[in-house]
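Residues per chain, in single letters:
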Amino acid sequence: MRTTDTSKMTFSKVAPGEGLKKALTMSPEEIIGLITESRLKGRGGAGFPTDLKWTLAAAVNDDLKYVVCNADEGEPGTFKDRVILTEFADLMFDGMTIGARAIGACKGIVYLRGEYTYLRSFLKNKLAERRKDGLLGKNVLGHEGFDFDIEIRMGAGAYICGEETALIESLEGQRGEPRNRPPFPVNTGFMGHPTIVNNVETFTWVPCIVTKGAKWFNDIGTERSTGLKLFSVSGDCGRHGVFEFPMGITIQELLEKVDGTGAKAVQAGGASGRCVPACDFGRTIAFEDVPTGGSIIVIGPDRDMLQVAGNFMEFFLDESCGQCTPCREGNAKLLEGIELLKAGRCSMKYLRELCKLGETMQLASKCGLGQSSPNAFLSIVTKFKDEIMGRTENVTSNA
Amino acid sequence: MLVSEREQLRANIEQRIKDYGNNRSALIPVLQEVQLKYGHVSEYVMQVVADILHIHPVEVYGVVSFYSFIGHKQKGRFVIRLCRTLSCDMQGKDRLARQLENDLGIRFGETTPDGNFTLEWANCLGMCDQGPALLVNERIYTQVTPETVHDILEECRTLFGVYALQEKETQCALPTPAK
Ligand SMILES: Cc1cc2nc3c(=O)[nH]c(=O)nc-3n(C[C@H](O)[C@H](O)[C@H](O)COP(=O)(O)O)c2cc1C
Ligand code: SF4
Ligand code: FES
């Protein structure tokens, strides 16, 4: 059953515009100081400290800086950004505007995934309303010298464009191939100018923190993972949808809230995340333990774990940009390995070699896609050895 | 295409590139408009765009071939993209795939001979809580069952055409293709 109830979320309790108004009475340093105090970390998956990114971009001297909202939401099992864009777009635009104020940017871009094209005209209308209300354009809310506007650019069906340097390449009219880093986008971003790229949800928390205070935020969660987080829950559980939970929640607690107890495993963090078996359900969802950009896929007792691993490897094989060898070739090898396992024709020796290959990919791939694509494979073959070795017949998947 | 139509097309592309700031970052938005209007990006368009942006046509081809929503190959008026990623897989996407193939009489990756439908796989569409999900052009359908596949296709067939669905959304200044 789908049970997203946005009325209970913090985002419904913060009035759009309020955080922005308050932020504009503060200096850029004060805004960043507040984010530092809240210890907000990126909600797109990597968990990079937001204040650090903003400080670096603010420190560069340039007349042209950009604020980019990453609405490419391509990670399998993630859909919370879609809900934010639909229900709380104004709050998110507030967050982008506060970010612009903090780093001294005059231009914002929302990179919206091609699959969400149906949201484009809705968002465009929102932006037009904001211009009318003086929330965008010249002298935002009457603040002399603060000019900021936002445009929407569409993705074109490439998961890799969610990676921030690939996203910038795509905005510049190139193939979405990740860049070498450094230089980082905070120095050399869109068109060579300082650029902050943040996730939809990250921006949306900003006006909440400004309104409710940094202490309110960092009182919730753990020492290293503060605040609340939206989770996209799907799979074998009674309640599907987007839920707000504090960081540091244990997987068991989360499953109880979504009627998913009795699950065999939980895939946290989407295809690039890790598969957590039932014996580890006491672990916490936090950047320092089991990280996730919000994707939680509950895997019930009757599922075939090889089907899970195979589905993800097909995904990565399809979405790899093909730029570097470990990722391009490695994903194909791992998928072949899964086929062998499914047929019951994989020796232990070969499986060990595949695991070594996976570890090499984690180290040698150029970007996060290749570095994380073996995660699901490795966690499944190590934690579910009993289930996957020595198969005698093709277990029909998803029976 | 008639010579005058080609000239018209070139003029329109030139204008759209100008609207986007006359630099390379205009490339993808303009290609997306062409794709939407014509169902593919032809060699002629690639050449024109390359000329205007002062880049090699191979550069344009490199971009066209990279993105799965832009392509050189002619697509049908309705492009159906069924999600094959895990959550939809667990919610029964295989049966939908079979039913789509049956009702359309084509396999994945193919276009019906009348040029109306193209059937493709997609990766996660961001509707995992309401799977199985599929996209028809820009429109998303959720909780699709083998039974409702037929209704969705009928809905497409009764629409005037792909432009009826999309033109409102894009301020697309390109001419309508010649019949
Ligand atoms: C392959 C790949 C795909 C990614 N996709 C997304 C995405 O869809 N949305 C997103 O916000 N971040 C995505 N990221 C993370 C971004 O590179 C970047 O870290 C993020 O946008 C930073 O924002 P945050 O700090 O607010 O999370 C992806 C990273 C990789 C390696
Ligand atoms: S790791 Fe994969 S996706 Fe990333 S740059 Fe290399 S080939 Fe491309
Ligand atoms: S898995 Fe199909 S929409 Fe996400």
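Below you will find a few notes about this structure. (Residues numbered from 1 in each chain as written. Chains lettered and ligands numbered in written order. Predicted model: local features only at pLDDT ≥ 70, side-chain atom pairs only at ≥ 80, totals over all residues. Heavy atoms only, no water.)

A few points about the overall build of chain B
Then, in step 1: Of regular secondary structure, chain B possesses eight helices and four strands.
Then, in step 2: Reading chain B from its N end, one meets helices and strands in the order α-α-α-α-β-α-α-β-β-β-α-α.
Then, in step 3: Split by element, the accessible area of chain B, about 8200 Å² in all, is 50% carbon and sulfur. (Helix = DSSP H or I, 4+ residues; strand = E, 2+ residues; numbered from the N terminus. Areas by Shrake-Rupley, 256 points an atom, 1.4 Å probe, with all protein chains shown as cover.)

Brief notes about the site of ligand 2
Then, in step 1: The full set close to ligand 2 counts 13 residues, and Cys321, Gln323, Cys324, Cys327 and Cys367 of chain A are the nearest of them.
Then, in step 2: Along the lines of polarity and charge, the residues of the shell around ligand 2 split into seven nonpolar, five polar and one charged. (Near = heavy atom within 4 Å. Nonpolar A, V, L, I, M, F, W, Y, C, P; charged D, E, K, R; others polar.)

Focus: the interface of chain B and chain A
Then, in step 1: Each side of the interface is counted separately: chain B has 38 residues, and chain A has 54 residues.
Then, in step 2: Summing both partners gives a buried area of about 3500 Å² for chain B against chain A, and 53% of it is carried by carbon and sulfur.
Then, in step 3: The salt bridge involving Arg82 of chain A is made with Asp129 of chain B; its shortest N-O contact spans 3.2 Å.
Then, in step 4: Counting the contacts that link chain B with chain A gives 24 residue pairs in polar contact (both at pLDDT 80 or more).
Then, in step 5: Elements that contribute at least two residues to the side of chain B that touches chain A include exactly helix H2 (27-38), helix H4 (57-66) and helix H5 (86-90) of chain B.
Then, in step 6: Top contributing element to the side of chain B that touches chain A by residue count: H4 of chain B, with five residues.
Then, in step 7: Within the side of chain B that touches chain A, the residues separate by chemical class into 17 nonpolar, 14 polar and seven charged. (Contact = heavy atoms within 4.5 Å. Buried area = accessible area lost by both parts, 1.4 Å probe. Salt bridge = Lys/Arg side-chain N within 4 Å of Asp/Glu carboxyl O. Polar contact = N/O pair within 3.5 Å; in protein donor to acceptor, adjacent residues only side chain to side chain.)

Notes on the packing of aromatic side chains
All names here are of chain A.
Then, in step 1: Using the criterion set out here, one finds 16 aromatic pairs over all chains in the structure.
Then, in step 2: With 5.5 Å between their ring centres and 70 degrees between their planes, Phe11 and Phe88 make a pair best called edge-to-face. Placement of the pair is Phe11 in helix H1 (residues 10-13) and Phe88 in the loop between helix H5 (80-87) and helix H6 (89-103), with a sequence separation of 77 residues.
Then, in step 3: Residue classification places Phe88 among the buried positions, given a relative accessible area of 9%.
Then, in step 4: Seen in terms of ring centroids, Trp205 and Trp216 are 6.5 Å apart; in terms of plane orientation they differ by 40 degrees. Their pairing is tilted. Here Trp216 lies in helix H10 (residues 214-218) and Trp205 lies in helix H9 (residues 200-212), a separation of eleven residues in the sequence. (Phe/Tyr/Trp six-rings, centres within 6.5 Å; stacked < 30°, edge-to-face > 60°. Buried < 20%, exposed > 50% of the residue type's maximum accessible area, 1.4 Å probe, protein only.)

Considering the site of ligand 1
All names here are of chain A.
Then, in step 1: Close contacts around ligand 1 come from 19 residues, with Gly44, Asn70, Asn198, Asn199 and Thr202 the closest.
Then, in step 2: Contact distances for ligand 1 include 2.8 Å between an oxygen atom and a side-chain N or O atom of Asn198.
Then, in step 3: The fraction of the free accessible surface of ligand 1 (610 Å²) that becomes covered by protein chains is 89%.
Then, in step 4: At the level of secondary structure, the elements contributing two or more residues to the shell around ligand 1 comprise strand E4 (195-199) and helix H15 (368-372).
Then, in step 5: A total of three residues in the shell around ligand 1 trace back to one element, the largest contributor, which is E4.
Then, in step 6: Looking at the shell around ligand 1 residue by residue, the class counts come to four nonpolar, nine polar and six charged.

Section: the nonpolar core
Then, in step 1: Membership of the largest hydrophobic core comes to 84 residues, with the highest contact counts inside it found for Phe377 of chain A together with Ile13 and Tyr67 of chain B.
Then, in step 2: At eight residues, the largest contribution of residues to this core is made by helix H12 (residues 305-319) of chain A.
Then, in step 3: Other than its neighbours up to four places away in sequence, Tyr67 of chain B contacts Ala156, Ala158, Cys161, Ser170, Gln174, Arg175 and Gly176 of chain A together with Ile28 of chain B.
Then, in step 4: In this structure, Ile35, Phe88, Val200 and Ile220 of chain A belong to the second largest nonpolar core, which totals 63 residues. (Core = buried A, V, L, I, M, F, W, Y, C linked by side-chain atoms within 4.5 Å.)

So, the sheet that holds strand E2 (residues 107-112) of chain A
All names here are of chain A.
Then, in step 1: The four strands lie next to each other as E3-E2-E1-E4, forming an open sheet whose pairing is parallel. Sheet topology places strand E3 (149-154) and E4 at the edges, where each strand pairs with a single neighbour. Across the sheet, the axes of successive neighbouring strands diverge by a mean angle of 20 degrees, strand direction being ignored.
Then, in step 2: Sheet topology places strand E1 (residues 66-71) next to E2; six bridges connect them, and they run parallel. Opposite Ala71, over in E2, you have Leu112 as the bridge partner.
Then, in step 3: Contacting E1, E2, E3 and E4, H6 crosses the sheet at an angle of about 150 degrees to E1. (Pairing = 2+ DSSP bridges. Axes fitted to C-alpha atoms, helices over the stretch in contact; angles between N-to-C directions.)

Re the pairing of strand E8 (residues 274-277) of chain A
All names here are of chain A.
Then, in step 1: Relative to E8, strand E7 (residues 265-268) is paired through four bridges, and the arrangement is antiparallel. Within E8, the position partnered with Ala265 by the bridge is Pro277.
Then, in step 2: Hairpin connection between E7 and E8: a loop of five residues separates the two successive antiparallel strands, and Gly269 in this loop has a positive phi of roughly 95 degrees.

What about the pattern of salt bridges?
Then, in step 1: Overall, the coordinates contain 39 salt bridges over all chains when judged by the stated rule.
Then, in step 2: With a shortest N-O distance of 2.7 Å, Arg84 of chain B and Asp318 of chain A are connected by a salt bridge. A residue pair is termed interchain when its members come from two chains, as with Arg84 of chain B in the loop between strand E1 (78-83) and H5 and Asp318 of chain A in helix H12.
Then, in step 3: Asp318 of chain A gets classed as partly exposed once you look at its relative accessible area, which sits at 42%.
Then, in step 4: Overlapping salt bridges bring together Lys80, Asp81, Glu201 and Lys229 of chain A as one network.

A short note on helix H16 (residues 374-383) of chain A
Then, in step 1: Burial analysis of H16 of chain A places eight of its ten residues in the buried class, the great majority of the element.
Then, in step 2: The complete set of buried residues in H16 of chain A reads Pro374, Asn375, Ala376, Phe377, Leu378, Ser379, Ile380 and Val381 of chain A.

Some details on the sheet that holds strand E6 (residues 241-246) of chain A
Residues and elements named next belong to chain A.
Then, in step 1: With respect to topology, five strands assemble into an open sheet ordered E6-E5-E9-E7-E8, the strand pairing being mixed. The open sheet has two edge strands with one neighbour each: E6 and E8. The average undirected angle you get between the axes of adjacent strands in this sheet is 30 degrees.
Then, in step 2: Alignment of E7 against strand E9 (residues 295-299), held across four bridges, turns out to be antiparallel. Across the sheet, residue Ala268 finds its bridge partner in E9, namely Ile296.
Then, in step 3: Helix-sheet contacts for H9 involve strand E5 (228-235) and E6, and the interaxial angle to E5 is about 145 degrees.
Then, in step 4: Strands E7 and E8 of the sheet are contacted by H16, whose axis makes an angle of about 25 degrees with E8.

Some words on the packing of H6 of chain A against H9 of chain A
All names here are of chain A.
Then, in step 1: Across the interface, H6 lies against H9 with an axial gap of 7 Å and an inter-helix angle of 80 degrees. When the axis of H6 is compared with that of H9, the two are roughly perpendicular. When H6 is examined against H9, the residues Leu91, Met92, Asp94, Gly95, Met96 and Ile98 are found in contact with a partner set consisting of Val200, Phe203, Thr204, Val206, Pro207, Cys208 and Val210.
Then, in step 2: The residue makeup of the contact of H6 with H9, split by class, is ten nonpolar, two polar and one charged. (Parallel < 35°, antiparallel > 145°, perpendicular 65-115°, else oblique.)

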